[in-house]
Amino acid sequence: MAEFCKQCSIDIFDQDHGDFAGIVTEKEYKEQKLAGLVLCEGCGNTFVDHEGTCLDPNCLKHHGRVDE
Ligand SMILES: [Zn+2]
Ligand SMILES: [Zn+2]
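Structural notes, computed from the coordinates. This is a predicted model, so every value here is computed, not measured.

What counts and what doesn't
- All residue numbers refer to position in the chain's written sequence, counted from 1.
- Chain labels run from A onward and ligand labels from 1 onward, assigned in the order the entries are written.
- In view of the model being predicted, local features appear only for residues whose pLDDT reaches at least 70, and side-chain atom pairs are presented and counted only at 80 or more, with totals across whole chains, interfaces and linings using the full set of residues.
- Here the side-chain values reflect all heavy atoms present in the structure, with hydrogen atoms and water set aside.
- Each helix is a run of H or I in the DSSP string that is no shorter than four residues. Each strand is a run of E no shorter than two, and both are numbered from the N terminus.
- The globule rule is 2.2 Å times the number of residues to the power 0.38, and the radius of gyration it is compared with is taken over C-alpha atoms.
- Burial classification: accessible surface area is computed with a 1.4 Å probe over protein chains only, and a residue below 20% of its type maximum counts as buried, one above 50% as exposed, and the rest as partly exposed.
- Note on contacts: a residue pair qualifies if any of its non-hydrogen atoms lie within 4.5 Å across the two residues.
- A residue counts as positive if it is Lys or Arg and as negative if it is Asp or Glu; His and the chain ends are not included.
- Whenever Lys or Arg places a side-chain nitrogen within 4 Å of a carboxyl oxygen from Asp or Glu, that contact is recorded as a salt bridge.
- Each metal's donors are the N, O and S atoms found within 2.8 Å of it, except that Na, K and Ca use a 3.2 Å limit; water is left out, so coordination can look incomplete.
- Working rule for geometry: tetrahedral if four donors all subtend angles between 85 and 135 degrees; square planar for four, octahedral for six, if opposite donors exceed 155 degrees and the others stay between 65 and 115; irregular in every other situation.

This next bit is on the overall build of the protein chain. Counting its secondary structure elements, the protein chain contains two helices and two strands. Starting at the N terminus, the α and β elements of the protein chain follow one another as α-α-β-β. Relative to the globule expectation of 11 Å for 68 residues, the C-alpha radius of gyration of the protein chain, 11 Å, shows essentially globular dimensions. Here the protein chain, with 68 residues, has 34% of them falling under the buried criterion. Residue pairs at least 24 apart in sequence account for 38% of intrachain contacts in the protein chain once pairs closer than 6 positions are excluded.

Moving on, we come to the side chain of D56. If you trace the backbone, D56 turns up in the segment after β2 (44–48). Of the buried charged residues, D56 lacks a salt bridge, with R65 as the closest side chain of opposite charge at 9.2 Å.

Distances from the zinc ion (ligand 1) to its protein donors, C5 (SG), C8 (SG), C40 (SG) and C43 (SG), fall at 2.3 to 2.4 Å. As a motif over one chain, the donors of the zinc ion (ligand 1) read C-x2-C-x31-C-x2-C. The metal-metal distance between the zinc ion (ligand 1) and the zinc ion (ligand 2) is 3.8 Å, with C43 serving as a donor to both. In this pair, C8 is assigned in helix α1 (residues 6–13) and C43 in the loop between β1 (36–40) and β2, connecting sequence segments 35 residues apart. C43 gets classed as buried once you look at its relative accessible area, which sits at 1%.

Here we come to the coordination of the zinc ion (ligand 2). Bound to the zinc ion (ligand 2) on the protein side are C43 (SG), C54 (SG), C59 (SG) and H63 (ND1), at distances that span 2.0 to 2.4 Å. Of note is the zinc ion (ligand 2), whose four donor atoms meet at the metal with angles of 104 to 116 degrees in an arrangement that counts as tetrahedral. As a motif over one chain, the donors of the zinc ion (ligand 2) read C-x10-C-x4-C-x3-H.

The next thing to look at is the pattern of salt bridges. If the charged atoms of two oppositely charged side chains come close together, the side chains can form a pair. Counted according to the given criterion, the structure contains four salt bridges. Taking the shortest distance from any N to any O, the salt bridge between E51 and K6 comes out at 4.0 Å. Of this pair, E51 sits in the segment after β2 while K6 sits in helix α1, placing them 45 residues apart in sequence. Judged by its relative accessible area of 39%, E51 falls in the partly exposed class. We classify K6 as partly exposed; its relative accessible area is 24%. Its salt-bridge partner being K27, residue E31 comes within 3.4 Å of it at the nearest N-O pair. One end of the pair, E31, and the other, K27, are both in helix α2 (residues 26–32), four residues apart, so they sit about a helical turn from each other. Judged by its relative accessible area of 57%, E31 falls in the exposed class.

Okay, here's the thing in structure tokens:
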């Protein structure tokens, strides 16, 4: 089954399916800076937060990159 991070899900389906949501808890993410290591079908091996949002600036779509 294909799974997508939040950004790829919205890109492809126009909605967030939350495939990776809950892979870490909000508490783990915010207090321990833990992120989930996942394989997104859209942007490859990447890290996601508790909502399944891709955080990795080096994923195939550079989701985590902060534009300046
Ligand atoms: Zn993705
Ligand atoms: Zn990504």
